[in-house]
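# Inside the fold
What follows is each chain in one-letter form.
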Amino acid sequence: MSGESRGFLAPAALLPDGWHENVELRWNGDGFLTTVKTRSGRSGSPADDLSVGLTRLAGPVIAGMPNLHSHAFQRSLLGRVQRPDPGDDFWSWRRLMYETVDALTPDLVYKLSAWTFGEMVASGYTSVVEFHYVHRPGGAAPAESLNAILEAARTAGIRLTVAPVLYRWADSAGSALGRQQRAFYLERDEVVALAETIRGSAAALALAPHSLRAANADDIHFLVDLAGRSTPLHVHVSEQPAEVRECRNNLGFTPIEWLDREFGLNPRWGLVHGTQATQTELDILDSGRPTLILCPTTEHDLGDGRFPLEKAPSANWGIGSDSHVSLSPAEELRTVLYGLRASAGKRAVFEASVMSDGARLWQAATSVAPPVSGWPCGELRVGAVADFLVLDGEAPDLVGLTPDEMVTAWVLSGQARDLAEVRVGGTIVSRRGLHENRGRLDADWRQAMRTLRG
Ligand SMILES: [Zn+2]
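The structure contained in this document is the topic of the report that follows. Please read these numbers as outputs of a predicted model, since none were measured by experiment.

### Notes on helix α15 (residues 438-453)
Think of an α-helix as 3.6 residues a turn; residues three or four steps apart then line up on the same face. Look at α15: 22 Å from first C-alpha to last across 16 residues, which is about the 22 Å you get at 1.5 Å a residue. Looking only at α15, the buried set comprises Leu441, Asp444, Trp445, Ala448 and Met449. All buried residues of α15 lie within an arc of 135° about the axis, which places them on one face of the element. The outward face of α15, more than 90 degrees from its buried face, is lined by the exposed residues Gly439, Arg450 and Thr451. Buried positions along α15 lie against α3 (106-123), α4 (142-156) and β18 (434-435).

Structure below.
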């Protein structure tokens, strides 16, 4: 943006080792941080700041939240899948999702994804891993659907990682896909072609067997080989009891245990959900080797259950908004915290710390991102991307609080309007909960929804 400074002075910033005051942040033209340092002495006075060309911000800075699991088009299901039908469960939700997929085209995928990505940014997510499995909407070629996702992220100004999902089977016994799953089907050589396109784009690449029911052992070995030593790997695991039983019957182990025995899990593995994890699987997660991706509001909305984080306190975990019943990272963390408190029957669920619960959860969920995102995101340090949020120190809910208290107040009760700025690669994408491109995003979304609901 013309005239915009590529640096400023934050009154406080949450850095990898905790809170610091008077932090100078600068970034280069490619959007990577080049300076993150605490200024000593009398820094902070307006005259001093001007002398080094820095604007002083009106509130504290925290790293933007990486959204580690998204199916962007699923936001269009909101309101239609929350039915008070006593027989409603995950599988009936899935049938309704399939009906929407039947009506999609690449143009609708673009419009739905662009708005959803835009709302994510306005709410505090600065990057997203799109777990992309609708490869043939309306019978289109997989390349067209991928381009719709890439274009949507450009319009929304969000940092993107795309996982072109391998989805080949209806269950882990190898049953053929049903009619409504045909839009998901991908040959292995098509995954290779999509991966090449992504590598040549502005997005990062992740590889993803959909789940141990939709990809078999050979498929997963194929993707792990394709991933080499640095590409992230994402997979849905242990989401439903029926899926865990099937996996045990067909592969001899539950999903997380099978993956660990077969591949030796590490932080590049993003294991999504884990809600039905057995004790053996909890022990694997608690080792801190794989990255657990919790999607708390989706898991609660679907009645899947709650991941018992108190039983794997050393797990490395981040968050995803998955079906997008909520697009707010604060709400995901709030759900995690309330789950821990309700389970423990007390408010103090962490070891004593100088940081309050909200800041602590924010730090935990952002810092795990790089190996599963493919971007150096989630931390304010030199070399990382300049993706961050500026809290509005004058917002009614935040005024008069310390920076640490502000983050917790925002996580527990705040709204997107409390975010004075959201920046991706140093560029302002949203102010006070309003996306810079909202006119176009909203108009496209409305048109898409009229088509889908018409
Ligand atoms: Zn998912």
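### Focus: the coordination of the zinc ion
Coordination of the zinc ion by the protein involves His69 (NE2), His71 (NE2), His236 (NE2) and Asp322 (OD), with metal-donor separations of 2.1 to 2.8 Å. For the zinc ion, the 4 donor atoms in the first shell make angles of 81 to 168° at the metal, so the coordination geometry reads as irregular. Considered as a linear motif, the donors of the zinc ion on their single chain read H-x1-H-x164-H-x85-D. Residue histidine 71 is located in the loop between β6 (65-70) and α2 (90-103), and its partner aspartate 322 is located in the loop between β14 (316-319) and α11 (329-344); the two are separated by 251 residues in the primary sequence. Residue histidine 71 is classed as buried on the basis of its relative accessible area, which comes to 3%. On the basis of relative accessibility, which here comes to 5%, the residue aspartate 322 falls in the buried class.

### Concerning the nonpolar core
Soluble globular proteins: nonpolar side chains tend toward being buried together. Membership of the largest hydrophobic core comes to 113 residues, with the highest contact counts inside it found for Phe117, Leu259, Trp269 and Trp317. Ranked by residue count, the leading element in this core is α3, at 9 residues. Residues lining this core come from more than one domain, with at least three contributed by each of domain 1 (7-63 + 379-438) and domain 2 (65-370). Grouped together as the second largest cluster of nonpolar side chains are 18 residues, Leu33, Ala63, Leu380 and Ala420 included.

Definitions and cut-offs
Each chain carries its own residue numbering, running from 1 in the direction its sequence is written. Given that this is a predicted model, residues contribute local features only at a pLDDT of at least 70 and side-chain atom pairs are listed and counted only at 80 or more, while totals for whole chains, interfaces and linings are drawn from all residues. Hydrogen atoms and water are omitted, and side-chain values are computed over all heavy atoms in the structure. We count a stretch as a helix when DSSP gives it H or I for four or more residues in a row; a strand needs E for two or more, and each element gets its number in order from the N terminus. One less than the number of residues in a helix, times 1.5 Å, gives the span that helix is expected to have. Remark: exposure states derive from per-residue accessible area (1.4 Å probe, protein chains only) relative to the maximum for the residue type, with buried under 20%, exposed over 50%, and partly exposed in between. By arc we mean the arc of the directions from the helix axis to the C-beta atoms, nothing more. It only takes one pair of heavy atoms within 4.5 Å for two residues to be counted as in contact. For Na, K and Ca the donor cut-off is 3.2 Å, and for all other metals it is 2.8 Å, counting N, O and S atoms only; because water is absent from this set, sites may look incomplete. Working rule for geometry: tetrahedral if four donors all subtend angles between 85 and 135 degrees; square planar for four, octahedral for six, if opposite donors exceed 155 degrees and the others stay between 65 and 115; irregular in every other situation. Residues grouped as a nonpolar core are buried Ala, Val, Leu, Ile, Met, Phe, Trp, Tyr and Cys residues, joined through side-chain atoms within 4.5 Å. The start and end points of each domain follow an automatic or database-based domain assignment.

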